[in-house]
Structure formats: structure tokens, C-alpha cells
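Structural description and commentary
Now for the letters of each chain:
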Amino acid sequence: FAPNNNVTRQEITAMLVRTLKAAMPNIDTKAEFKTKFQDEKDIGSWAVESVKFMNANDIIKGTEVNGVSYILPKGNTTREQAIAMSLRTFNKFGK
């Protein structure tokens, strides 16, 4: 636990999925990517399911550079991105 460290994009997806699983124990988090990402192989094995689920549900969308999509799993999450992903998660599943 490192509360003063930056949070990566794969870490925040895992945190949000774990939160959903705690609140909704029967939620099925198996999913496939909506988008083909050039850097999918860079996602940690522990985070693949969470990143796929969050992408399939339009919570995390990735970045496009010159027509190529990247998920940037080890990139830091900005405060704005964290707020946006949290809000999207709440709006999608908070009913």
C-alpha cells in the first residue's frame, strides 16, 4: 500500500472493479475489449480482466495516436481521469 504514489490506469481499473465486486457480488466481469489496443500485451496479468471489463463498459477508452489505439496501462491516471472513470462507473452501475 503506497498512498502517496501515482496510480496507473491498470491499477485504477482494478480498484474500480474490486469496488463493484464488493457492492455487487454477482457481477460478471468477464468481457472482451471493444477496441484493439496496440499495447494490450503491456497490461499486467492481474489487471487484464479489469481493463477489458472497463473498456467493454466504456469506462476507460484509451488513446489514439495516428490512427493506432493505445490503452497505456502503466501510464499514470490524472485526477481528472480518475474522477471521470469513477463517475462513469457510478452512472453505469450505481442504479
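Each remark here, short or long, concerns the structure printed above.
Quick summary incoming for the structure in this document. Here the structure is a predicted model, which means the values were calculated and not measured.

Conventions we followed
Position numbers for residues start from 1 in each chain and track the written sequence from start to end. Restriction of local features to residues with pLDDT of at least 70 applies here, the model being predicted, together with a cutoff of 80 or more for giving and counting side-chain atom pairs; totals for whole chains, interfaces and linings are based on all residues. Note: side-chain values were computed over all heavy atoms of the structure, leaving out hydrogens and water. Helix and strand definitions here come from DSSP, where helices need a minimum of 4 consecutive H or I residues and strands a minimum of 2 consecutive E residues; each element is numbered from the N-terminal end. Three exposure classes are used, based on accessible area relative to the maximum for each residue type with a 1.4 Å probe and protein chains only: buried under 20%, partly exposed in between, and exposed over 50%. The definition of a nonpolar core used throughout is a set of buried Ala, Val, Leu, Ile, Met, Phe, Trp, Tyr and Cys residues joined through side-chain atoms within 4.5 Å. In what follows, residue pairs with any heavy atoms lying within 4.5 Å of each other are defined as contacts. Salt bridges, as used here, are contacts in which a Lys or Arg side-chain nitrogen is within 4 Å of a carboxyl oxygen on Asp or Glu.

Although it is not a glycine, D58 sits at a positive phi angle of roughly 60°. Here D58 lies in the loop between helix 2 (48–56) and strand 1 (63–65). At L72, a residue that is not glycine, the phi angle is positive and equals roughly 50°. Turning to its location among the elements, L72 is positioned in the loop between strand 2 (68–70) and helix 3 (79–93). Owing to a relative accessible area of 38%, L72 belongs among the partly exposed residues under this scheme.

Attention now goes to the nonpolar core. Counting 17 residues, the largest nonpolar core has I43, V51, F53, M54, I71 and M85 as its most contacted members. Examining the composition of this core, we find that 4 residues originate from one element, helix 1 (residues 9–23), more than from any other. Those residues in contact with I71 that sit more than four places away from it in its chain are R9, F37, D39, I43, V51, I60 and G62.

Side chains that differ in charge, positive against negative, can pair when their charged atoms come close. Taken as a whole and judged by the stated rule, the model has 6 salt bridges. Here D58 and K34 are joined by a salt bridge, their closest N and O atoms 2.9 Å apart. Of this pair, D58 sits in the loop between helix 2 and strand 1 while K34 sits in the loop between helix 1 and helix 2; the two residues are 24 residues apart in sequence, bridging distant segments of the chain. Residue K34 is classed as exposed on the basis of its relative accessible area of 52%. Residues K36 and E40 are paired through a salt bridge, measuring 3.7 Å at the closest nitrogen-oxygen approach. For K36, a relative accessible area of 65% puts it in the exposed group. Within this structure, K21, K30 and E49 form a network of salt bridges that share partners.

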